[in-house]
Amino acid sequence: MRKPQAGVIGPADAAAGSGIDDGLARRNAFVLAGAQALGGANPAIVISLGGIVGQQLAENDALATLPVSLLNLGLALGTIPAALVMRRFGRRAGYMFGATIGVMAGTIATLGIAREAFALFCLGTFVAGFYGAYVQSYRFAAADTASPAFKARAISWVMAGGLVAGVVGPQVVILTREAIPGAPFAGSFMAQGGLALLSILVISALRTPPALPPRPAGEPPAPAGRPLREIVRQGRFVIAVCAGLVSYGLMSFLMTAAPLAMVGCGLPIETAALGISWHILAMFGPAFFTGRLIERFGKETITAIGLVTIAVAAAINLGGLSVAHFWGGLVLLGIGWNFGFIGATAMVTDCHRPEERAKVQGTNDFLVFGSVAIASFSAGKLLDVGGWETLNWLVFPPVVVALALVALQARDKRLSAA
């Protein structure tokens, strides 16, 4: 019998409830939180600067926000390939490969700015989306070696790394925007690639189960799990995806439009930027305790609270156009996203067996981030056509549907436990 590979644990230890060492899960969660702090700065930099650089380089001002939209499109399209890579080569090797893509993205975007080539810059932000597809799955990797009781907290710890990313990204922009003479902001995208390179060192400390563990000669292949079509037909999978899709999609929908709405109401750009900063802090700050809340009150309850909070944020936005209304709505929107999305992520981990995790998680992320791409594409146009009030009224129907589904799931769990 072959010895286990160095730096990984055996597949038996990866199964939920099979004597899992939560000490290892804690270690991995801290490693992934560090990687999240570095990789999460990737979209923060693109979102902060994509429109500004696009306006400088594009011949048509209508295309100024295309680089940011391409980031979200790349993220959605990259989820399935990222899942396949990690299924074949494992989490650690996959994340190192993803970080290499991040280095390439920063390099391409830097060259695009230096050469004043809008198409090349757009290619860089599109590739950055593929890197983001790997970063977004860090939260699932935290649950791979965790016991069922610790999964939610491990996911929450990784998401807390996004709080650091929300600070790192803007600071990188400020410190490096003039680093390359004659090419404003090129240094920021070079730094983006540098952060991805640094994350490779952090990820090298990750210890997770091998994707395809070695087996003795003559032993039958490991089970491949159920067909994907069978898994996605589960009611609990549909509900988990719906909750994640609504939480993230609506957050992106309102967050994208809020700065435009604030400026359109006569508020200064600095006020809009500060409002987004508070929003980012609200998105990731609660992650320090969201996992414990899920352990205490359950995944469905915390997810439902998150959805309700998003609806309350929209109601506040409908109440007026003052700074307090905009900022209050953005803060509650961030908190609602945190509860709703982390809760939905924890629900997804209950829908698959260990050997099925790559395809199930990849499918979930494709659907969720596909909705984010659509939301970011449509928010600006709908704001222009219907106004800020219309956008906020559109929040309530999907929230009601998602809440009904989550309540149904909670009821079924109570009945099965009775």
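### Quick look at the packing of aromatic side chains
Right, so step 1: On inspection of all chains with the given rule, the structure shows 14 aromatic pairs.
Right, so step 2: Consider the rings of Tyr 248 and Trp 337, whose centres lie 5.4 Å apart with planes at 80 degrees: the pair is edge-to-face. You can see Tyr 248 sitting in helix α11 (residues 235-264) and its partner Trp 337 sitting in helix α15 (residues 323-348), a full 89 residues away along the chain.
Right, so step 3: For Trp 337, a relative accessible area of 1% puts it in the buried group.
Right, so step 4: An angle of 80 degrees between the planes, with centres 4.8 Å apart, marks the rings of Tyr 248 and Phe 341 as edge-to-face. Of this pair, Tyr 248 sits in helix α11 while Phe 341 sits in helix α15; the two residues are 93 residues apart in sequence, bridging distant segments of the chain.
Right, so step 5: Since its relative accessible area comes to 1%, Phe 341 is described here as buried.
Right, so step 6: Members of the aromatic cluster, connected to one another through ring pairs, are Tyr 248, Phe 284, Trp 337, Phe 341 and Phe 369.
Right, so step 7: When the ring centre of Phe 89 is taken as reference, the NZ or CZ atom of Arg 88 above it lies at 5.1 Å.

### Focus: unusual backbone geometry
Right, so step 1: A positive phi angle is found at Glu 116, which is not glycine, with a value near 55 degrees.
Right, so step 2: Along the chain, the position of Glu 116 falls in the loop between α5 (91-114) and α6 (118-136).
Right, so step 3: We classify Glu 116 as exposed; its relative accessible area is 63%.

### Quick word on the packing of helix α4 (residues 66-89) against α5
Right, so step 1: In the contact formed by α4 and α5, the axes pass within 7 Å of each other and the chain directions differ by 135 degrees. As the angle between them shows, α4 and α5 are arranged oblique. The handedness of the crossing between α4 and α5 is right-handed. Side by side, α4 and α5 meet where Val 85, Met 86 and Phe 89 of the first sit next to Arg 91, Ala 93, Gly 94, Tyr 95 and Phe 97 of the second.
Right, so step 2: By residue class, the composition of the contact of α4 with α5 is six nonpolar, one polar and one charged.

### Comments concerning the side chain of Arg 153
Right, so step 1: For Arg 153, the position within the fold is in helix α8 (residues 151-176).
Right, so step 2: Look past the residues within four positions of Arg 153 in its chain and what remains in contact with it is Gly 291, Arg 292 and Glu 295.

### Notes on the pattern of salt bridges
Right, so step 1: Counting across every chain of the model gives two salt bridges.
Right, so step 2: Taking the shortest distance from any N to any O, the salt bridge between Asp 365 and Arg 139 comes out at 2.7 Å. With Asp 365 in helix α16 (residues 357-393) and Arg 139 in helix α7 (residues 138-144), the pair connects residues that are 226 residues apart, well separated along the chain. Side by side, Asp 365 and Arg 139 carry an identical accessibility label, which is buried.
Right, so step 3: The salt bridge involving Glu 295 is made with Arg 153; its shortest N-O contact spans 2.9 Å. Linking Glu 295 in helix α13 (residues 287-297) with Arg 153 in helix α8, this pair joins segments that are 142 residues apart in sequence.

### Some words on the environment of Gly 34
Right, so step 1: Take Gly 34: it is sitting in helix α2 (residues 22-39).
Right, so step 2: Looking at Gly 34, the relative accessible area reads 26%, which means it is partly exposed.
Right, so step 3: Distance from Gly 34 to Val 164, taken between C-alpha atoms, is 8.7 Å for residues 130 residues apart in sequence.

### Looking at the packing of helix α14 (residues 299-318) against helix α17 (residues 396-417)
Right, so step 1: The geometry of α14 relative to α17 is characterised by a closest axis approach of 9 Å and an angle of 160 degrees between their N-to-C directions. In terms of orientation, α14 lies roughly antiparallel with respect to α17. The hand of the α14/α17 crossing is left-handed. Only Phe 396, Val 399, Ala 402, Leu 403, Val 406, Gln 409, Ala 410 and Lys 413 of α17 make contact with α14, whose side of the interface consists of Glu 300, Thr 303, Ala 304, Leu 307, Val 308, Ile 310, Ala 311, Ala 314, Ala 315 and Leu 318.

### Topic: a nonpolar patch on the surface
Right, so step 1: Among the surface-exposed residues, Leu 77, Ile 80, Leu 84, Leu 245, Phe 366 and Leu 367 lie close enough to one another that they form a single nonpolar patch of about 480 Å² accessible area.
Right, so step 2: Looking at the nonpolar patch, the elements that each hand over two or more residues are α4 and α16.
Right, so step 3: When residues in the nonpolar patch are grouped by element, the largest group, three residues, is from α4.

### Structural notes on helix α3 (residues 41-57)
Right, so step 1: Under the 1.5 Å per step criterion, the end-to-end length of α3 is 23 Å for 17 residues, consistent within 8% with the ideal 24 Å.
Right, so step 2: At Leu 49, α3 is deflected by roughly 45 degrees, the largest bend along its length.
Right, so step 3: Regarding α3, the residues found buried are Ala 41, Asn 42, Ala 44, Ile 45, Val 46, Leu 49, Gly 50, Val 53, Gly 54 and Leu 57.

### Structural notes on the nonpolar core
One broad trend across soluble globular proteins is that nonpolar side chains are buried collectively.
Right, so step 1: By size, the foremost hydrophobic cluster in this structure holds 120 residues, and its most contacted members are Tyr 95, Phe 189 and Trp 388.
Right, so step 2: The element that contributes the greatest number of residues to this core is α11, accounting for 17 residues.
Right, so step 3: In contact with Phe 189, not counting residues within four places along its chain, are Ile 45, Val 46, Leu 49, Val 53, Gly 106, Ala 109, Thr 110, Ile 113 and Phe 121.

### Details of the confidence of the model for the protein chain
Right, so step 1: Taken over all residues, the pLDDT of the protein chain has a mean of 83, while the share at 70 or more is 90%.
Right, so step 2: Below a pLDDT of 50 lies the segment residues 1-19, which in the model reaches 33 contacts outside its immediate sequence neighbourhood of four places, other chains included.

### With respect to α2
Right, so step 1: Under the 1.5 Å per step criterion, the end-to-end length of α2 is 25 Å for 18 residues, consistent within 8% with the ideal 26 Å.
Right, so step 2: Counting buried residues along α2, 13 of its 18 residues qualify, which places the element largely inside the surrounding structure.

### Looking at the environment of Ala 76
Right, so step 1: Here Ala 76 is to be found in helix α4.
Right, so step 2: Taking the C-alpha atoms as reference, Ala 76 lies 9.7 Å from Ile 374; in sequence the two are 298 residues apart.
Right, so step 3: Residue contacts for Ala 76: discarding those within four places in its chain leaves Phe 366, Phe 369, Gly 370 and Ala 373.

Basis of the calculations
Residues numbered from 1 in each chain as written. Predicted model: local features only at pLDDT ≥ 70, side-chain atom pairs only at ≥ 80, totals over all residues. Heavy atoms only, no water. Phe/Tyr/Trp six-rings, centres within 6.5 Å; stacked < 30°, edge-to-face > 60°. Helix = DSSP H or I, 4+ residues; strand = E, 2+ residues; numbered from the N terminus. Buried < 20%, exposed > 50% of the residue type's maximum accessible area, 1.4 Å probe, protein only. Lys NZ or Arg CZ within 6 Å of the ring centre and 35° of its normal. Axes fitted to C-alpha atoms, helices over the stretch in contact; angles between N-to-C directions. Parallel < 35°, antiparallel > 145°, perpendicular 65-115°, else oblique. Left-handed = near helix turned anticlockwise from the far one by under 90°. Contact = heavy atoms within 4.5 Å. Nonpolar A, V, L, I, M, F, W, Y, C, P; charged D, E, K, R; others polar. Salt bridge = Lys/Arg side-chain N within 4 Å of Asp/Glu carboxyl O. Patch = residues over 30% accessible without salt bridge, like charges linked within 9 Å, V, L, I, M, F, W, Y side chains within 5 Å. Areas by Shrake-Rupley, 256 points an atom, 1.4 Å probe, with all protein chains shown as cover. Expected span 1.5 Å × (residues − 1). Bend = angle between axes of the 7 residues up to and from the residue. Core = buried A, V, L, I, M, F, W, Y, C linked by side-chain atoms within 4.5 Å. pLDDT = per-residue confidence, 0-100.

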